[in-house]
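Spelled out from the first residue to the last, the chains are:
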Amino acid sequence: MVAAIIGGTGVYAIEGLDLTRQTIDTPYGAISIERNDDLVFLNRHGPDHSTPPHKVNYRANIKALEQLGVKRICATFAVGSINTEFALKTPVILDDFIDYSSGREHTFFDVLDNGVGDVDVSMPFCPVLGDALEKEVQAIGLPVQRGGVYASTNGPRFETPAEIRAYRMMGADVVGMTLCPELPLALEAGMSYAGLAFSINWGAGMTPTIELVSDDIDQIKTDMLRAMINTLAKTRDQDCTPARIL
Ligand code: HPA
C-alpha cells in the first residue's frame, strides 16, 4: 500500500531514496510529486516553495495522493511554540487542532459528484501512526513531545501577541499556517494522518520580536524524515482506522 510524506517549510527532498519526479493531474490542478513503488513525497508549498500557506492548493495535493492510492500520510510542520513547556526544536506528535483559517477551499464535499458528508474529526490524528512515530523518533535519539494542539491560522502574517494569548487560553500548544485544510481533506479522502511539528520560534509576544532559530535545524529535519520513513514502513500491515464520514 502506498504511503506519503508531506514536507513543510524547509523539507523539499528526501535524501538517499531513489524517487522519480512526476506530475499528477487532478480535477483541482496539477501537482508535482516524487515517488517510488512504496512512497510518495510532496512539499505542500511546491518543490521550490513558491506557494504561500493561504494559496496552497490543498485539494489538488490530497487528490493527487488519493489518485496514487495513498492511505497513510506523515506530514511535517515548522511551527511556533506558544506553550512554554513545548521547547523549541523538540518534535511534537500532534493530537488535535483548532482551525482559525478562512477563505480556503477546505472540503471535497461541495459538489454532488463527490457526495455530501460530514467527516467525524473526534480523533483527527491516527494513534497507530502516532505510536509508531513516537518509537521511531525516540529510536533516533531525539526528544519527543507526545500530544499537542495545533492552532491553524491563515497567514501569511504572523500573529499578534493578543492572538497568541487567546490561542493559548483556548488550549493550543503550537501555531502554524498549513494544517488546515490539509488534514481534514485527507480525512475526507479516507486517509490516516500523523503530524510531526517542530517549533522554530516562540509565538508573538513571548519574546520581544519573533526570532527564527536556524542552528541544528537541518539535522532535525533529516532525523524527522527518517523517523517518518521508518514509521510508514513498519505500519504497512497495521490497521489504521480512517475517520468516519457521517
Ligand atoms: N506563527 C504561525 N506560523 C508559524 C510560526 C508562527 O509563529 N512559526 C512558524 N510557522
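My aim in this report is to walk through the structure given alongside it, one point at a time.

Analysis parameters
- Residues numbered from 1 in each chain as written.
- Predicted model: local features only at pLDDT ≥ 70, side-chain atom pairs only at ≥ 80, totals over all residues.
- Heavy atoms only, no water.
- Helix = DSSP H or I, 4+ residues; strand = E, 2+ residues; numbered from the N terminus.
- Rg over C-alpha atoms; globule rule 2.2 N^0.38 Å.
- Buried < 20%, exposed > 50% of the residue type's maximum accessible area, 1.4 Å probe, protein only.
- Contact = heavy atoms within 4.5 Å.
- Areas by Shrake-Rupley, 256 points an atom, 1.4 Å probe, with all protein chains shown as cover.
- Near = heavy atom within 4 Å.
- Polar contact = N/O pair within 3.5 Å; in protein donor to acceptor, adjacent residues only side chain to side chain.
- Core = buried A, V, L, I, M, F, W, Y, C linked by side-chain atoms within 4.5 Å.

A tally of regular secondary structure across the protein gives five helices and eleven strands. Scaling as 2.2 N^0.38, a compact globule of 246 residues should have a C-alpha radius of gyration of about 18 Å, and the protein matches this with 17 Å. The principal-axis extent of the C-alpha atoms belonging to the protein is close to 50 × 40 × 35 Å. Across the 246 residues that make up the protein, the buried fraction comes to 50%. The contacts of the protein with a sequence gap of at least 6 include a subset with a gap of at least 24, amounting to 82%. Summed over all atoms, the accessible surface of the protein reaches about 11200 Å², with 51% contributed by carbon and sulfur.

On to the site of the ligand. In the vicinity of the ligand, the contacting residues are A78, V79, G80, F158, E159, V175, G176, M177 and N201. A distance of 3.3 Å separates a nitrogen atom of the ligand from a polar atom in the backbone of A78. Taking N201, its side chain carries an N or O atom lying 2.6 Å from a nitrogen atom of the ligand. About the coverage of the ligand: the protein hides 93% of its 260 Å² of free accessible area. Contributions of two or more residues to the shell around the ligand are made by β5 (72-81) and β10 (174-176).

In terms of nonpolar packing, the biggest core is built from 39 residues, with I62, L65, I73, F77 and Y193 touching the most fellow members. Residue assignment for this core shows that the elements contributing at least two residues are β1 (3-7), β3 (29-35), β4 (39-43), α1 (58-67), β5, α4 (179-188) and β11 (192-202). Tallying contributions element by element places α4 first for this core, with six residues. Sequence-distant contacts of I73, that is, excluding residues within four places in its chain, are made with A4, I6, I62, L65, L129, A186, M191, S192, Y193 and A194. Grouped together as the second largest cluster of nonpolar side chains are 26 residues, F41, C126, L142 and C240 included.

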